[in-house]
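So the chains spell out like this:
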Amino acid sequence: KGLLGRPFSSPAMVSTIVVVGFPRDVCVRERKNTVRHLPGFETAHFIVRSQTVFAKFDTHDNAIAAAERLSSEPFDMDEPWLGALQAELAKRDLELRDDQQLKAPP
């Protein structure tokens, strides 16, 4: 289940997830690396003020798998008391201009 306790499903077949729960001291690089190596990752957008990551995947199924993988996962295994990540499907797909995108690694 996602952030709101809803099952990971969407009639619109959204392929974007929203991830929250990052500790305040986490740098942008760490947030990027949390999502960029997941299967099907395409691009991401980071909202620094709220420590939120929106990540788009190539398919709905890969987005669901990414959300399930990240949900309830402690961000720092050495300091689990810092909190766990929470992820769920976004309400709609991420659409960014080329200059705003973090692309998947080659």
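See the structure shown above.
As a starting point, this report considers the structure included with it. Quick caveat: nothing in here was measured; it's all calculated off a predicted structure.

Rules used in this analysis
Residues numbered from 1 in each chain as written. Predicted model: local features only at pLDDT ≥ 70, side-chain atom pairs only at ≥ 80, totals over all residues. Heavy atoms only, no water. Salt bridge = Lys/Arg side-chain N within 4 Å of Asp/Glu carboxyl O. Buried < 20%, exposed > 50% of the residue type's maximum accessible area, 1.4 Å probe, protein only. Helix = DSSP H or I, 4+ residues; strand = E, 2+ residues; numbered from the N terminus. Arc of directions from axis to C-beta. Phe/Tyr/Trp six-rings, centres within 6.5 Å; stacked < 30°, edge-to-face > 60°. Polar contact = N/O pair within 3.5 Å; in protein donor to acceptor, adjacent residues only side chain to side chain. Contact = heavy atoms within 4.5 Å. Pairing = 2+ DSSP bridges.

### A few points about the pattern of salt bridges
A full pass over the atoms with the stated rule returns one salt bridge. In this structure, Glu-73 and Arg-69 form a salt bridge, with 3.2 Å as the shortest nitrogen-oxygen distance. For Glu-73, a relative accessible area of 24% translates into the label partly exposed.

### Quick notes on helix α2 (residues 60–70)
Turning to α2, its buried residues are His-60, Ala-63, Ile-64, Ala-66, Ala-67 and Leu-70. Down the axis of α2, the buried set is contained in an arc of 160 degrees. They therefore lie on one face.

### So, the packing of aromatic side chains
This structure, assessed with the given rule, holds two aromatic pairs. Ring geometry for Phe-22 against Phe-75: centres 5.6 Å apart, planes inclined by 70 degrees, an arrangement best described as edge-to-face. One end of the pair, Phe-22, is in the loop between β1 (16–20) and α1 (28–36); the other, Phe-75, is in the loop between α2 and β4 (86–89), and 53 residues separate them in sequence. Taking relative accessible area as the criterion, Phe-22 reaches 6% and is therefore assigned buried. Take Phe-75: its relative accessible area is 22%, and that puts it in the partly exposed class. Pairing Phe-41 with Phe-57 gives two aromatic rings, centres 6.1 Å apart and planes at 75 degrees, and the pair type is edge-to-face. Placement of Phe-41 in strand β2 (residues 41–47) and of Phe-57 in strand β3 (residues 52–57) is noted, with a sequence separation of 16 residues between them.

### Remarks on the environment of Val-48
Residue placement: Val-48 occurs in the loop between β2 and β3. Taking the C-alpha atoms as reference points, Val-48 and Arg-31, separated by 17 residues in sequence, lie 9.9 Å from one another.

### Some thoughts on the side chain of Gln-51
Along the chain, Gln-51 falls in the loop between β2 and β3. In this structure the side chain of Gln-51 is engaged in a polar contact, spanning 2.9 Å, whose partner is the backbone oxygen of Pro-23. Ignoring any residue separated from it by four or fewer positions in sequence, one finds Gln-51 in contact with Val-19, Val-20, Phe-22, Pro-23, Arg-24, Asp-25, Val-26 and Arg-31.

### Quick look at the pairing of β1
Every regular strand shows the same layout, with side chains that alternate between the two sheet faces. The buried count for β1 comes to four of five residues, which makes it a mostly enclosed element. Sheet analysis places β1 next to β3, joined by four bridges and oriented antiparallel. Its bridge partner being in β3, Ile-17 is matched across the sheet by Ala-55. Pairing analysis gives four bridges linking β1 to β4, with the strands arranged antiparallel. Of the residues in β4, the one forming a bridge with Val-19 is Ala-87.

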